Each structure stands twice: as C-alpha cells, then as structure tokens.
Amino acid sequence: MNRNKNLLLLSSLGVLALLVAAAVQENILKSWRRIQGAARGEAGPVDVRLRQIVVPGLKAADRCVSCHVGMAPGETGIAGPSVVAAHPPVAHDPGEYGCTACHGGQGRATEEADAHGAAPFWPEPMLEARHAYAGCGTCHTHVRVPNEMALERGQRVFERLDCLACHKLDGRGGTLRPGGAGGMEGPDLSRVGAAGAAVDWYEEHLRKAREGADATWKTCFGPTEEDARRDLDVYLASRVGAPGLVEAKALFHTLGCRGCHKVNGVGGDDGPDLTRAGARDPGRTDFTHVPGAPTLANWQAEHLRDPAKIVPGSLMPALGLTEEQVDGLTFYLLSLRKSGFPEAYWPKDRILAERFGEREFAADGATLYGTFCAACHGAQGQGMRYPGMSVAPAVANADFLAVAADEFIAGTVERGRPGRRMPAWGEKEGGLRPQEVRAVVEHLRALGGVAAAEADTEPPHWAEGDAEAGARLYGAYCAGCHGAAGEGADGPALKNRVLLSTATDTYLAQTIARGRRGTSMPGFGNASTVHPALSAEDTEALVRFIRKWENAP
Amino acid sequence: MSEQERSSSALREFARNLRQAPRRFLETVFRHGPPRTDRTRSTFVFGNVFLHLHAARTHRWSLRWTTTLGLGLVTAAAFVITLVTGVLLMFYYKPYPDVAYQSIKDIHFVVPTGLFMRNVHRWAANVMVVAVILHMARVFYTAAYRAPREFNWVIGMGLLVTTLGLSFTGYLLPWDQLAYWAITIGANIAQSPREITDALGITDWADIGGLQRQLLLGSDVVGEEALIRFYLLHVMLLPLLLVALLAVHFWRVRKDGGLARPADADRRLGPPPADAYPVFTEAPRKTYQLAAVVRGRTAAVGNGPEQTVPSMPHLFYAELGVFMLTTLICLALSLWIDAPLKELANPNVPENPAKAPWYFLGLQECVSFSAFMGGVGIPLIVLAGLGLIPYLDREERGTGVWCGGPGGWPLVRWATLFGLAAAIGVEAFAIRCGWLREWFPDIPQLVITFVNPGTLLAALYALFSLFVVRKQNSVRAGALALFTCFLCGFVVLTIIGTYFRGPNWEFFWSPADWPKH
C-alpha cells in the first residue's frame, strides 16, 4: 500500500510543480510582459496587457504592438527600450492598416521569432528594415515609372534648381522660409506623386517670384526651360513616399527584365512570372547554394549575381550587374508581393493598373526599350551575346536603321521571330500597344542617329537572278555564320518565315552590300582580306536564294 | 407554554439547525462516516455512484505492479485528460477552413495557457494510443482474455479502433498542411477498395471505395464538409461511443471476476503484509450467493482465506497514483515539446511526402505496396485475427502470468527475432530489388494486390505460427508467436514509414538526403 501511496504523493507533487512551471511561463516569462513592464508612458508605467490592432477588412489581428507598444494606436510619449519606440512617420496609420499588411510576419504571434516569421512553417517572414518599403508592393502598383536615366535627370534638375532650399524631400531640405525665420517653408514634396501636384505650379511660382511679396521669393525662383520642367515633373510624380522603391522599379525598367519575365501580365515568357516573386515561401525555396542566411532577400540577390549557381540548369544568363544594381533589383523583386486584399482597400494606382489598363512603365520609347529590349539588345542597342545563347542583333546599328523601314522594325517587334528567342510583342502576344511599338522604333532611330530609312521605291520582291549561283555564294560567304541551311549559328537565323515575309528585297540586298558596321557582319559590297566584293548580280542571286526559304517548312 | 415561548423555542431550533447545517450537510454527503472499518470502507465504494463500478474488495494479485503495469488505467487516464483539455479547446476552436487555423494560432499565442492545453491534449492523445496498444499486449501476454473474459477482449478491440479513430479525426482540425495532407492520405486509403473494383471492372456499379471516401469527406476533396464531419466525430460521436464501450469494458472486468490471476495466485503471493487489511482471515463458515441468478463458482467456498484487501484505500491509491503519473508524463512532455502546427492548408501545394499520423505509418507503408491490402485487407485480417484469439485459444495453462503457458519466454524471444528479421528482410528486399511492377510492368494489378511485401510478411508470420502450433502442440503457443510477430512487424513498418520514407515514399537513410524541390 505504501508504494502506491508514495506513487500518488510523488506524482501529485510532480504535477503540481509542472503546473506551477506552466503558470510561471505563461504569466511571467512572456517577453512582451517584460517589455511592457520596462516601458514608461507620459503618466507612469503602461498597463501590462496584450495589445493588438484588429483590421477585419484585411483579416488582420496584429499583436506586434504588444511589444512595440509605442506603435499602438493612441499611445504617445512612450519611453523605454528601443523596441517600444513610436513608428516613424509614414503614409499610412498603423492603427488603420495594422502591421503585417506592409511588413509581413505573423501578426497573431506574441513571441519575437514567431512574430517576425523566422519560425519554421510561416510562409511570409517579415521584411528586413532596409527593405521595409518593399511592403508598399502589397497593395500599390506604381504606374508610369520611367527608366533610371529619366529619374536621375529629374533628380539632377531638382537639385540644380535648388528646390531643396524651400522644400523638404524624404527628410532633407526645407530650410529657407519666405517671409523670414517665422515664415512657412515650402510644402514637403516626399509624397507629391501620390497626392498630385498642381498643374500650374510653375506659373504660380513664377507669379509669386515676379510679384515678390518678400525678398526670398524674388531671389529663389526664376524661369526654367521646358525640358527641365518635364524632367522635374517625371521626378516629382515618382515621389510617392516610398524612398528607393520607385528608383528600384526604374532600374527594372532599364535593364530589360520584362523581356523574359512577366509582371502583372505584361512581359516575356522565357523566364518565370515574377508577379509574386517577393511573396515566395522561404520554406519552399531551395537555399542549398545560397551562402548566408536563408532569407528571400539573400536568395534573390545571390540569384541575380549568378542565376545558374542558385538554380542549377537555369537558362538565365549572368547579367554582370553591379552590386548597386543587385541591391536595387532585389529590393524591387521583394516588393512584388501583391496581396489578395479586398478591392475596397486597393489604392488608386493599383485600380488604374488593373482596371483601367494604365501601364506600370512610362510611355516614352527609352523606358519601353529599357523595360523590354535592353537585356538582350543592350542598353544602347549594340546587340548582345550571352554565353550559350544565340546572338541578339544590334538593333540600333546605323547600317541597319538606314535600310530598315519603320514598318519593318515595327513588324519585327510585333511579330517577333518564331523559332528564335525574339518573342512577338504585338498586343495579343507580348502585350505592347501599337503606339508603344512606334515609340520603341523612334527610340531606336534616336539611339542609332538615323532619322529615317532611305527611301525605297521598289516593290517588295524585285530581285531576279540565278538562285543556284546564290546557293554557291551563300555556301562560300554566309554559311559560316548563318548556318548551311540558314538555321543561324554565330549570326542570326535567316530561314525564318517572319523575317523573310517582312523584309523587302531591297532590305536584304542592302544589308548584304553594306553589312553592319561594328558587328561581325561585313559589307560585301566592298572587298576585304577574306572576301571579294560581290557584284550587284551576285547580291541579287543571293537574295533569290535566301528567298527560297520563305515558304520552306 | 405560551404562544410567545413556543415561537421563541422554534426560533432557537432554527438557530440550532442553522449552526448544525454545515455538519449535517457533510453527513448527508458522506453518509456512512469515515472509511475506517471494513464495513465503512465497503460502503464507501458501493455507496458512491462513480466508485461502485469497483468491487468493494480487491485481490492483492491485482495490486501487484507487474500484474498490469497500470496500462489500462493509463489509457483511461489519458482519455480523461484529453476530455478535459479537449473541452477547454472547444471554447476557442472554430471548425471552419482557414478560420480553424487562425483559431489554433490564437490558442497558441493569446489564449492563456492555450498552447500548453493544446500540447497536453496532443500528448495525452499520443499517450493514449501507445497505452492502448501496450494494454492490449499486456492482456494478451498474460492470457487474460480467456474465459470468461473473451467478450471483454472484443470490447477492447472496439476501444482500440475507437481510440485510433478519435486520434485520426483530431488530426484534421488544425487545418494546417500536416493535417490536410495526412487526411488526404487517409481519405485515399478509404477509397482503396477501388483497386479491387477497378481490377474486376465493376467500379461503375459498385464503387465501395468511392462511397467510403464520400462518406468520410462529405465531398470529393478535403474541404469544409470534411472538417465539420471530422469535428463532429471527434468531439461528439466517437467520445460518446468510447465512453459507452469503456463503461461496458469496466463493468465486464468487474462481472468477470476482476483481473485474471493464476489459479495459484494466493500461494504465489505469500502472507499479506502487516499494513494490509485482509478479509476472511479465517476460513469462511458461510458464503452467500444468489445461486439462481449468478452463474459461476462461488468465490469463497472451500477456498480458504482470500487475499483480498478493501478497495478503499488500496485500489484507489493505486488508481489515483497511475492517473497522476499519467498526468505528470503528459504535462512534462507538453512543457518540453510543442504540438506541431505547420503553415495554413493549401490544396495546391501537396506535402511530399504526405504522411498519415505516426500510428498509421505502418499501414501507409503497406498502402505503398497495395492500397487495398494496406488500407483495408491487412487491417481487417489483423483485427479479425485479434478478435478470434480468445475463441481459438481455450487452454487454461498460464492464465494471469506473463508469457505463461506453452512456449513461454523462450518462444516469445524466438518470435521477436523472427518477427523483426522477417519484417526487415522483406522490407530490405522490396527497397533494394523492387517488386513485381518493376520486373513485369504489364502485370495485372490484382496480382500485386494479393502478392506484395505486406501480404508476404503476413503470410510468413502465419506460417511461422502454424509451425509453432504444430511444434508446441498448443494453440496458445501459436497465438503467442503470431501476436509477437505482428507487434514486431508493426514496430518495424512504423519506424520505416516514420523515419526512412521521403518524397514519393522513397527510401532514404535520413531526411538530410531528401532531394531538394
């Protein structure tokens, strides 16, 4: 009997001890209790209680404010450890949208590791502080973002004109006060792109400077040339309160990533769709070859540096990006985290983009070229060749632009080159609208410095000649680069139905005769050390021979 | 006595009654005084609705720790713990997809001691599954299923199945990836009779598998219908069934004469210790029996002094002790290891490997050979075999003694060796060399259904035990061999399924070798 009695006594004491341990863990050891205990409000210690921001519309119950007490709605003047500090001023009130909508992480959790999403089995870890503004991408789709150069131009104008003297931008500037030290500084321009600036701001500034209520106005503003004003407008439109993010997107629109990747339905098909590249579950991402911490930011950065190292067998070439570019693109990719939030919460820009067909990229030719073409054809249209991939022609080559009519270039952009890497960018395929294609053509002409192709009065097909002689010539001079059957090797494939149906005989003959200076394509009109000069008849014969492929299977 | 005096004496009486009320209240609750004499100890037991399922006196054999190891009590205690914690969890749990997951997160993070309660619930459920299997093994190895306890063994089988059902239905409720895909596997197992009906070409008319799956899920996929079904089964139907079966189980223990003990138990026990309260310290002069109503032998006539002690307090100390020990184990495990909760269930992202709860992984291993045999065939054969044991083994030697009867410990050791070797051997062969499908790609599925590593293993075990029956000339010996083999097979297959099966149910020495995505 005593054995059983002792068993009962000891096990009961053990149960009691464990229950006490559980109670201590629950009521004393929770870190948010300790943090709140250390925090001091304006009227002494704060209430130690679980705090949360509930946003039914976003299905959020964010308990982050249990530790970050200073960020809880209605709390002001909280002092204590840095974790209880107030939220820096941002566009959105945390009390209205909660925390996780922007920052990610696990709002329901009350322990740091769980809440920051560093725990296993939580698919949306928190964005690191340096990428905090990537959270904007959860709801926002910034529209009409130009390429990097346009943005930089605008910024230079902004600084050259010393707008920062009166205006604040992202926390800088705004020291000059018209009317003396007591006067008002100019409005903060950090979010002017989101709110929109008055269209007549320039005229208004000029008028005030002219009327000159005080000395400051008289000296601080003067007439500005129209180009500079246009650049400035582009820059100001990009000031939406997300420092760095629009710049990162501009970089994306400079390096031509959309040539292979779709984002929100627009872009090429060769690479994976990036629409939600920033919302990938790290638990389902392969970090085997990623040095450093297994975070999505790290993965994206390493992948940008050397895609095939991170994803063995990846077709994406190493782009030779600078570290700055890697950082910028990583930042932008992390912002691609479009949420399924109800439409009532959508901001204006996302509605514009998804309901009204507003473009995410600016409509000018340079941005369009940077967005879709630059990765393959080069920033200056100089042509590119990545290891293991076929050559992308130099599309801004002056010799090319001189013989290629606008219709030919536009047709090529719209219909692509089936069977080659060049996709069709027409509205039904790649999604470019006719006026956008025209803008790209204009941009190419600007890049190459050839305003228009030489006039061609001939009909599309005029060449007459001996196709067999052409075949002989082709074998001798062309097959080495373009392939014996025109299938392409170092040079582009010529046996391409779309190429041959859009190219006129003049175009082909002229290309053979002139070549493309600055590329591997020599001009056969003049002799060189490796080939004699081809006569006009020879060229015609070659054209006739190449033409035979137009209807070949 | 004046009117005034009468009313004042009534007032005094009122005051006195009021003063005495607490004591009287206690007296009316504990009507028979403190349990200090044999008589009051007995009354303590049969005068209490909850305790009177016990006999007023308990044989000393039953109180030996080695008799039962308290395993049945552990199972019952674990059930009580799951019941209490389960009811607490029900206050916060919301059985609707996605919302369910959020409510579990809330239980984890903000419900006071919510995580702890969920841990206790989870661990107690696991303890219950382990204990119910061990309890069955104990009853088997002490041959305690023999007459008159045959039917109680069958009730025990029902309790085993109900316990597994409770645990399995609880698995879906968190609505995380683990739950979702484990139940998807379970539902596919329910559908496995299709393997037979497909092979026979009668699925169009008699789709038993599809019907079972439909009944289980209430839909074609694991969704809200399935969740509400599992919830209802988990919190209402199965617990009610379990309580009912448990009541019968306990009652039959009592009616069948307490725990089984060897015929010479009294001699083996020796004289009672000084602090025990034996009854019938002298040979009984008289026994009482409702001879016309109660069947069986009278307990006392001609048996001399019995080695029984009052259940109060001896048995109740033991029972409470085991209960508290079980609680202690569950609490300790709960403080140590948290119940798992993966990411929100996502029907578009299958878990690979998707694994059923651990106690079904042996079956899932068989399912990987043949869905029908693993999911339906082998479990039915095992259950039928277990249920038949008390009706086939009608010997009397060795009742109430561990591994008693023909064969004994040496046989159990040999059977363990054979059971492990056969299971590991068959598995190793199948893993290394593949099976019929790899050798003859065009072989009809029906052949594989009946000839696969699972059925081969079962056949080996059956042959081995038939051999033992012949050799020992005893059915009990054969049963001993077969049961031991099946336990070994269960353990080996469960371990392989748990630790050595990776994506696409392929064999890996360690999860570190799993291919990455």
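Since the model is a prediction, treat every value here as computed from it, not as a measurement. (Residues numbered from 1 in each chain as written. Chains lettered and ligands numbered in written order. Predicted model: local features only at pLDDT ≥ 70, side-chain atom pairs only at ≥ 80, totals over all residues.)

Student: I'd like a rundown of the overall build of chain B, residues and numbers included.
Tutor: Along its length, chain B carries 21 helices and two strands. With the C-alpha coordinates of chain B rotated into their principal frame, the extents come out at 105 × 65 × 45 Å. Within chain B, contacts between residues at least 6 apart in sequence are counted, and of these 75% link residues at least 24 apart. (Helix = DSSP H or I, 4+ residues; strand = E, 2+ residues; numbered from the N terminus. Contact = placed C-beta atoms within 7 Å.)

Student: How would you summarise the environment of B:Ile337 if you had to cite specific residues and measurements?
Tutor: Residues and elements named next belong to chain B. Here Ile337 shows up in the loop between α14 (311-336) and α15 (361-369). Assessed through the 11 C-beta atoms surrounding it within 10 Å, Ile337 is described here as exposed. On a C-alpha basis, the gap between Ile337 and Glu396 in space is 45 Å, while along the polypeptide they are 59 residues apart. (Buried ≥ 20, exposed ≤ 12 C-beta atoms within 10 Å, placed from the backbone.)

Student: Kindly report on the domain arrangement of chain B, identifying the contributing residues and their values.
Tutor: Reports of interface size often rely on the accessible area that becomes lost once the parts have come together. Residues and elements named next belong to chain B. In terms of domain boundaries, chain B breaks down into domain 1 (59-271 + 315-351) and domain 2 (361-517). The partner domain 2 presents 29 residues to the 23 residues of domain 1 that form the contact. Taken together, the elements giving at least two residues each to the side of domain 1 that touches domain 2 come down to α7 (114-141), α8 (150-172), α9 (177-190) and α10 (194-200). Broken down by element, the residue count for the side of domain 1 that touches domain 2 peaks at four residues, all from α8. Grouping the amino acids of the side of domain 1 that touches domain 2 by side-chain chemistry returns 17 nonpolar, two polar and four charged. (Domains from an automatic or database assignment. Nonpolar A, V, L, I, M, F, W, Y, C, P; charged D, E, K, R; others polar.)

Student: How would you summarise unusual backbone geometry if you had to cite specific residues and measurements?
Tutor: All names here are of chain B. The amide bond that connects Ala147 to the next residue, Pro148, takes the cis arrangement and shows omega of 5 degrees. Position of Pro148 relative to the elements: it lies in the loop between α7 and α8. Residue Asn352 is joined to Pro353 through a cis peptide bond whose omega torsion reads 0 degrees. A positive phi angle is found at Trp175, which is not glycine, with a value near 55 degrees. Residue position: Trp175 is located in the loop between α8 and α9.

Student: Mind laying out the domain arrangement of chain A, listing which residues take part and the relevant values?
Tutor: Considered domain by domain, chain A is made up of domain 1 (33-126), domain 2 (148-237), domain 3 (249-355), domain 4 (378-448) and domain 5 (467-551). For domain 1 of chain A and domain 5 of chain A, the distance between their C-alpha centroids amounts to 68 Å.

Student: Outline the interface of chain A and chain B, supporting the account with residue identities and numerical values.
Tutor: Taken residue by residue, the interface counts 25 residues in chain A and 27 residues in chain B. Residues that form the side of chain A that touches chain B fall into these classes: 13 nonpolar, seven polar and five charged.

Student: Please provide a residue-by-residue account of the packing of α15(B) against helix α16 (residues 371-392) of chain B, values included.
Tutor: Residue and element names in this part refer to chain B. Direction vectors running N to C along α15 and α16 enclose 130 degrees, while the axes themselves pass 5 Å from each other. On the basis of their axis angle, the class for α15 and α16 is oblique. Contacts between α15 and α16 involve Leu363, Cys366, Val367 and Phe369 from the first element and Ala371, Met373, Gly374, Gly375, Ile378 and Pro379 from the second. Grouping the constituent residues of the contact of α15 with α16 by class yields eight nonpolar, two polar and no charged. (Axes fitted to C-alpha atoms, helices over the stretch in contact; angles between N-to-C directions. Parallel < 35°, antiparallel > 145°, perpendicular 65-115°, else oblique.)

Student: Tell me about helix α16 (residues 365-372) of chain A, and name the residues and values.
Tutor: Residue and element names in this part refer to chain A. Counted residue by residue, α16 has eight buried out of eight residues, so it is predominantly covered. Among all positions in α16, only Gly365, Ala366, Thr367, Leu368, Tyr369, Gly370, Thr371 and Phe372 are buried. Packing partners of the buried residues in α16 comprise α6 (148-160), α17 (374-377) and α20 (434-448).

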